[in-house]
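# A look at the structure
Here is what each chain is made of, one letter per residue.
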Amino acid sequence: MPRAAGGCGPTAAAGRMEEEEKDGGRRAARSPAASGRFVRCLYAVGFLDLFGVSMVVPLMNLHIKSLGASHTVAGIIGSLYGIMQLFSSTFVGCWSDIVGRRYSLLACILLSALGYFLLGTSTTVLLFAISRVPVGIFKHTLSISKALLSDLVSERDRPLVMGRFNAASSVGFILGPVVGGYLTELKDGFYLTSFICASIFLLNAGLVWMLPWSEENTGNREHQQGNKGADSFSAKANSGLHLKSETSGAMASDSLFQSSWIQVTTVLKRIKGIACSDLWDIFLVRLLMSVAILLYYSNFSLALEERFGVKPLFSGYLMSYSSALGVLAGCLLGPITRFYQHNTYRVLLHSSTLTCTLILLYASAPSIWMVILSSTFLAFSTTIGRTCIIDLELTVGGNEASGTLLGVGQSVTSVGRIVAPLLSGIAQEFTPCGPPSLGVALALVAILIMNANKQKYCSYGNVKLKNQ
């Protein structure tokens, strides 16, 4: 009896299966350590990213006014950055699913470094506006890093890892303004700060380049195989697509035009799949909660001054205090998710309810001590809620399109940043407590939506727990 072509007989198949099981066992044995090293390096990437950005961002309004720009022009340029982020985040996130995290992350970091280098040479308003273009389009380092973390870790560990990543990034955001404020006191301080920021991004690019990507690829394959049975949106919407490595290999053999065309068409297909999916309620909850929190912060200093007569310096200290507590909250996500038996929906529902209650407490606070109390617990609830909504998006949508999902989520948040100032301005016409009161109403709508779709979220949570 002739052997099957390529040695595919029963004996060969059994031997190959045995070898694969042994090799898979060896890979699984060393995967946790490899993934752990990779994840810690990504924490450093997140820290450096927000450390560099927060050195420059608080000084930008002062710099553009020193160039002779009016308040209107400064506002238009600021809005232009937000609009570019709104439209680019989905495309860049989807692009990272197609070409791979390494090259998309490197491209975003290097082009952002170019933007901050141009900012350091901006001696006119036009150059200032031009410098914001590459940053507005490609400053998606954190989103791609979160997608990469989602590729690396299991669904059970994802909230903990995301919380620690957010905590590391927040530490950078706390320290950056201090360093930037010191540097700006020097001669040509803003230009020096911008060049240092660009250098930090170049350092970040070097760190990303030196990451153990071979270990990441091994861990990523194991993670995908371990979740093969999970029901996901991406498997349904993109069933005809290859995995990232296969797609990249196929594009490498094509011409440059064909490769670019394949990338564009694949991006559009994935975005269409998201648009036609049943994820609208999750993104709506994210939008409503984002706007509610932005309304809380929109007139924070002014409202405290009008209501309690405190100085802006006290408001600044209170916001720094809240940011520090947010770092602590990110580190506590592990015990919290274990207490809830890794049910992300319940954590999100309870944190959103707590956020709504605390904003209401702030809006009706009779004394400054009640404001301090609400700010203390709000730092925890908002940090936990942001991490859980991302985890719920990835759980329902699936890891295979994590970049696309995170990109769409970032676009939704960008819409909130555009809408919130308008709503805040209208609400402040009536009372200083108007913006947070409106935030309470929006948060309450988000809670009602989550309760209305409780069965859907719980079914995904049960699938998630069974697959672990």
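Preceding this paragraph is the structure being described.
In this report, the structure presented in the accompanying data block is examined. Owing to the predicted nature of the structure, the values given are computational and were not obtained by experimental measurement.

Looking now at the overall build of the protein. Along the backbone of the protein there are 20 helices and zero strands. Residues counted as buried form 50% of the 468 residues belonging to the protein. Counted over contacts in the protein with a minimum sequence separation of 6, partners at least 24 positions apart contribute 85%. Of the roughly 21800 Å² that the protein leaves accessible, carbon and sulfur atoms contribute 67%.

It is worth spelling out a nonpolar patch on the surface at this point. Residues I83, F87, V415, I418 and V419 make up a contiguous nonpolar surface patch of roughly 400 Å² in combined accessible area. Those elements giving two or more residues to the nonpolar patch turn out to be α2 (71-99) and α18 (402-428). A per-element tally of the nonpolar patch places α18 first, with three residues. Relative to the helices and strands, I418 is located in helix α18.

Enumeration over the complete set of coordinates arrives at 10 aromatic pairs. Each ring, one from F190 and one from Y191, has its centre 6.1 Å from the other, and the planes form 80°; the classification is edge-to-face. The buried category is assigned to F190, whose relative accessible area is 8%. Ring geometry for Y296 versus Y297: centroids 4.7 Å apart, planes at 80°, classification edge-to-face. With a relative accessible area of 2%, Y296 lands in the buried category. One Lys or Arg, R102, reaches over the ring of W209 and ends 4.4 Å from the middle of that ring.

One non-glycine residue, Q341, lies in positive phi territory at about 55°. In this fold, Q341 is placed in the loop between α15 (333-339) and α16 (344-363). In this structure Q341 comes out as exposed when scored by relative accessible area, which is 59%. You will see that H342, though not glycine, has its phi angle at about 60°, which is positive. A residue is classified by how much of its surface remains accessible, and H342, at 12% relative accessible area, is buried.

Below, the discussion takes up the side chain of T383. By secondary structure assignment, the location of T383 is in helix α17 (residues 368-397). Reaching out from T383, the side chain makes a polar contact with the backbone oxygen of A379 at a distance of 2.8 Å. Among all residues touching T383, those that are not within four sequence positions of it are G326, A329 and G330.

Further remarks concern the pattern of salt bridges. Under the definition given, this model contains five salt bridges. Note that K139 and D49 form a salt bridge whose closest N and O atoms lie 2.8 Å from each other. Remark: D49 occurs in helix α1 (residues 10-66) and K139 occurs in the loop between α4 (125-138) and α5 (141-152); sequence separation between them is 90 residues. Neither K139 nor D49 differs from the other in exposure class; each is buried. Here R101 ties to D97 by a salt bridge, and the two come within 2.8 Å at their closest N and O atoms. Taking the relative accessible area as the measure of exposure, D97 reaches 0% and is therefore buried.

As a further point, take the nonpolar core. Soluble, globular proteins show a tendency: their nonpolar side chains are buried together. V56, Y116, L304 and V371 are the most contacted members of the largest nonpolar core, which has 97 residues in total. Of all the elements, α1 adds the most residues to this core, at 14 residues. In this view, L304 contacts G309, V310, S315, L318, Y362, I368 and V371; residues no more than four positions away in its chain are not counted.

Let us now look at the packing of helix α3 (residues 101-119) against α5. Close contact between α3 and α5 brings their axes to 9 Å; oriented N to C, the two are set at 160°. Judged on the interaxial angle alone, α5 and α3 are roughly antiparallel. The crossing of α3 and α5 is left-handed. In this structure, α3 contributes R101, S104, L105, C108 and I109 to the contact, and α5 contributes T141, I144, S145, A147, L148 and D151. Taken together, the residues of the contact of α3 with α5 sort by class into six nonpolar, three polar and two charged.

Turning to its location among the elements, S104 is positioned in helix α3. A polar atom in the side chain of S104 sits 3.1 Å from the backbone oxygen of R101. Residues within four places of S104 in sequence aside, it is in contact with W95, S96, V99 and I144.

Turning to the packing of α3 against helix α7 (residues 189-209), a few remarks are in order. Here α3 crosses α7 at 165°, and the two axes come no closer than 8 Å. When the axis of α3 is compared with that of α7, the two are roughly antiparallel. Crossing of α3 over α7 shows left-handed handedness. Here R102, L105, L106, I109, L110, S112, A113, Y116, F117 and L119 of α3 lie close against α7, whose contacting residues are F190, Y191, S194, F195, C197, A198, F201, L202, N204, A205, V208 and W209. Split by residue class, the contact of α3 with α7 holds 18 nonpolar, three polar and one charged.

With 30 residues, α17 extends 42 Å between its outermost C-alpha atoms, agreeing within 8% with the 44 Å of an ideal straight helix rising 1.5 Å per residue. A bend of about 25° at L378 is the largest found in α17. For α17, a buried count of 23 out of 30 residues is recorded, marking the element as mostly surrounded by other parts of the structure. Backbone geometry just downstream of α17 places G398 in the positive-phi region, at approximately 100°.

So, how was this worked out
Residues numbered from 1 in each chain as written. Predicted model: local features only at pLDDT ≥ 70, side-chain atom pairs only at ≥ 80, totals over all residues. Heavy atoms only, no water. Helix = DSSP H or I, 4+ residues; strand = E, 2+ residues; numbered from the N terminus. Buried < 20%, exposed > 50% of the residue type's maximum accessible area, 1.4 Å probe, protein only. Contact = heavy atoms within 4.5 Å. Areas by Shrake-Rupley, 256 points an atom, 1.4 Å probe, with all protein chains shown as cover. Patch = residues over 30% accessible without salt bridge, like charges linked within 9 Å, V, L, I, M, F, W, Y side chains within 5 Å. Salt bridge = Lys/Arg side-chain N within 4 Å of Asp/Glu carboxyl O. Phe/Tyr/Trp six-rings, centres within 6.5 Å; stacked < 30°, edge-to-face > 60°. Lys NZ or Arg CZ within 6 Å of the ring centre and 35° of its normal. Polar contact = N/O pair within 3.5 Å; in protein donor to acceptor, adjacent residues only side chain to side chain. Core = buried A, V, L, I, M, F, W, Y, C linked by side-chain atoms within 4.5 Å. Axes fitted to C-alpha atoms, helices over the stretch in contact; angles between N-to-C directions. Parallel < 35°, antiparallel > 145°, perpendicular 65-115°, else oblique. Left-handed = near helix turned anticlockwise from the far one by under 90°. Nonpolar A, V, L, I, M, F, W, Y, C, P; charged D, E, K, R; others polar. Expected span 1.5 Å × (residues − 1). Bend = angle between axes of the 7 residues up to and from the residue.

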